[in-house]
Structures are given as structure tokens and as C-alpha cells.
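# Results of the structural survey
One letter stands for each residue in the lines below.
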Amino acid sequence: QKEVEQNSGPLSVPEGAIASLNCTYSDRVSQSFFWYRQYSGKSPELIMSIYSNGDKEDGRFTAQLNKASQYVSLLIRDSQPSDSATYLCAAYTGRRALTFGSGTRLQVQP
Amino acid sequence: DAGVTQSPTHLIKTRGQHVTLRCSPISGHKSVSWYQQVLGQGPQFIFQYYEKEERGRGNFPDRFSARQFPNYSSELNVNALLLGDSALYLCASSQDLHNEQFFGPGTRLTVL
């Protein structure tokens, strides 16, 4: 099992809908999780970090961490075409490396 | 405050050559990490430096090396370039180990 796994997508949602992005992780990762957004040809931009079980909200974004089921998700409310990007889930592993999933491509249809 | 800066933005090299990439972290950040990203994949960890010491190394050959300077800036060196080294090289800085990491704009390396 990979340390951090994501569905590559694309995930297509209509404008104004809720986009739900999911990430599962193995026992080899720490309990610090990060969501990054990456536009085509650009570098990753940090959106959210979550360290504790439960939900964390920041504007239109909500990160959810479920340690028992070993998944972390990102919800984007009122999705906009400008949210169309690749979303990367990341966590620290034992080598002090920030390990990334392969990313989920989100397409928001106007 | 300025974000993470990297230079150069783009670079074209031929096989067998050597390349040096540079990174300046966010002011106050003491840790710099390097990543390689190829199309369609997430960034792959290469090195992490903290207080001028190597604190982590990914699964990359010895052709890859790095260092961190007293002002916390960093260099990534790659020797004997291969075609497969063509990628986006990302630098990220953080205040400490295991903190949030913030990425620079990256250096696009093409090896011909």
C-alpha cells in the first residue's frame, strides 16, 4: 500500500456544488495532513492543514480527518470554475519526508 | 513578506552535464526541502535541511546533493544529468521540522 493515496480523477462538479476530495493513508504516516492546490504549470499552494480528528473549516474549505478509518478529505463548498485544479494530499512519514499522493484533478463546470 | 524564491525559472541542459538550483526560504524559516515533480505525479521528496544539516533524504541516487547556507538559503546539485531528470524541481520552506511547508515557483529542468 502506498503511504498516501488519492483517486486521480478527474472529478467533475457543476458550479455551485460541493466538491469532495478524498485521501487514504497507511500506518507509516504521521498524524499531520495537508491539502495543496496546484494549477497547471504552477507550484503547489497550501490550502489547509489538519492535525486532529474531526473537521476544520476555513472559508469555503473544510478538511475532515478520520483516524480510525485512515482517511482525510477536503470539501469545497460553492465550487467555482477557478477551483479547477489538481488537489494534492500530503503527510509526513518517518523519514521526515512530506509524502504526497498523486493528486485528484477537479473540474468545475460553469 | 516575500515568499520562497527559486532560480533559475527554466533551464535546459544536455545529458552528462551538471546543474545547480537555488532557493531562498521565507524570512524566519529555518528548514528547506527539495522535491522533484514529473507530469501527472505528486512531488517526490529529495532532501530536507534544517539549521544547515541534512535531516532527511529520499530515494534518489548519489548524483543528487544539496546544502544549506548560514542564511538558510539552499542549493540542489545534480551531476551527470540523465533524460529522466527532466522535471519541475520544487523548493519548500517551513519554520521547523514537521511544520506546514510553503513552495516556491519551481525550476523547470529540461535535459536533452
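Everything below is about the structure shown above.
Residues numbered from 1 in each chain as written. Chains lettered and ligands numbered in written order. Predicted model: local features only at pLDDT ≥ 70, side-chain atom pairs only at ≥ 80, totals over all residues. Heavy atoms only, no water.

This brings us to the overall build of chain B. Each helix and strand counted, chain B has zero helices and 11 strands in total. The helix and strand sequence of chain B, counted from the amino end, reads β-β-β-β-β-β-β-β-β-β-β. Expressed as lengths along the three principal axes of its C-alpha atoms, the size of chain B is roughly 40 × 25 × 25 Å. Within chain B, buried positions represent 50% of all 112 residues. For chain B, the share of sequence-separated contacts (at least 6 apart) that also reach a separation of at least 24 residues comes to 54%. Accessible surface for chain B amounts to roughly 5300 Å². Of this, 48% is attributable to carbon and sulfur atoms. The distance from the centre of the 10 positive side-chain charges to the centre of the 9 negative ones in chain B is 9 Å. (Helix = DSSP H or I, 4+ residues; strand = E, 2+ residues; numbered from the N terminus. Buried < 20%, exposed > 50% of the residue type's maximum accessible area, 1.4 Å probe, protein only. Contact = heavy atoms within 4.5 Å. Areas by Shrake-Rupley, 256 points an atom, 1.4 Å probe, with all protein chains shown as cover. Lys, Arg positive; Asp, Glu negative; His and termini not counted. Charge placed at Lys NZ, Arg CZ, Asp CG, Glu CD.)

A word on the interface of chain A and chain B. Of the residues lining the interface, 18 residues belong to chain A; the matching set on chain B comes to 24 residues. Overall, the association of chain A and chain B removes approximately 1700 Å² of surface from exposure, summing both partners, and the carbon and sulfur fraction of that is 52%. Summed over the shared surface of chain A and chain B, the result is zero salt bridges. At the boundary of chain A with chain B, the tally comes to six residue pairs in polar contact (both at pLDDT 80 or more). Where the side of chain A that touches chain B is concerned, the elements lending two or more residues are β4 (29–38), β5 (45–50), β9 (85–93) and β10 (98–100) of chain A. Here the side of chain A that touches chain B takes three residues from β4(A), the largest share from any one element. Split into classes, the residues belonging to the side of chain A that touches chain B amount to 10 nonpolar, five polar and three charged. (Buried area = accessible area lost by both parts, 1.4 Å probe. Salt bridge = Lys/Arg side-chain N within 4 Å of Asp/Glu carboxyl O. Polar contact = N/O pair within 3.5 Å; in protein donor to acceptor, adjacent residues only side chain to side chain. Nonpolar A, V, L, I, M, F, W, Y, C, P; charged D, E, K, R; others polar.)

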